[in-house]
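# Fold and contact review
Spelled out from the first residue to the last, the chains are:
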Amino acid sequence: GDLDKVVNLLLSLSGRLARVETALGSLGPQARAEDELALREKQRLLVAQLEDARELKEHVGRREEAVGAMVARYLPAEHLQDYQHFVKMKSALIAEQRELEEKIKLGQEQLRCLRESL
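Residues numbered from 1 in each chain as written. Predicted model: local features only at pLDDT ≥ 70, side-chain atom pairs only at ≥ 80, totals over all residues. Heavy atoms only, no water.

## Here we look at the UniProt feature "domain: ASD2" (unreviewed entry) in the chain
With numbering matched to this structure, UniProt assigns "domain: ASD2" (unreviewed entry) to residues 1–118. For residues 1–118, helix accounts for 91% and strand for 0%, while the C-alpha atoms at its two ends are 45 Å apart. (UniProt positions renumbered as here; feature names shortened; annotations may be inferred. Helix = DSSP H or I, 4+ residues; strand = E, 2+ residues; numbered from the N terminus.)

## Here we look at helix H2 (residues 33–74)
Its 42 residues give H2 an end-to-end C-alpha distance of 61 Å, which sits within 8% of 62 Å, the value for a rise of 1.5 Å per residue. Where H2 is concerned, the buried positions are Leu39, Gln43, Leu46, Leu50, Ala53, Val60, Gly68 and Val71. For H2, the elements touching its buried residues are helix H1 (2–25) and helix H3 (77–117). (Expected span 1.5 Å × (residues − 1). Buried < 20%, exposed > 50% of the residue type's maximum accessible area, 1.4 Å probe, protein only. Contact = heavy atoms within 4.5 Å.)

## Some remarks on the confidence of the model for the chain
Per-residue confidence for the chain gives a mean pLDDT of 88; residues scoring 70 or more make up 100%. Ranking the helices and strands of the chain by mean pLDDT puts H2 first, with 91, and H1 last, with 86. (pLDDT = per-residue confidence, 0-100.)

This is the structure in structure tokens:
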């Protein structure tokens, strides 16, 4: 459960940071200084939060290793391999699910815009 939460947090923060950086990159020379300052502050906060989330992921990883060592004492080799594979794939599957959800949301938004333009 913690792994799910941390991976989702990392993905969310990364996405928000990417949007802020895109917004900063699209600011023209006529942009208000307050807008740029607000975006730079958001960027600074998101970078700090992302670093905290990475540290949290490392902590969860160390806990995962401790639990894995404990589980290894009680599971037969075949079940242990299944458990290790499950844990390894879980993060990748969460990231893939999040990406697919974002693509679906984007597709729905594009459909809505197309319908409105007709």
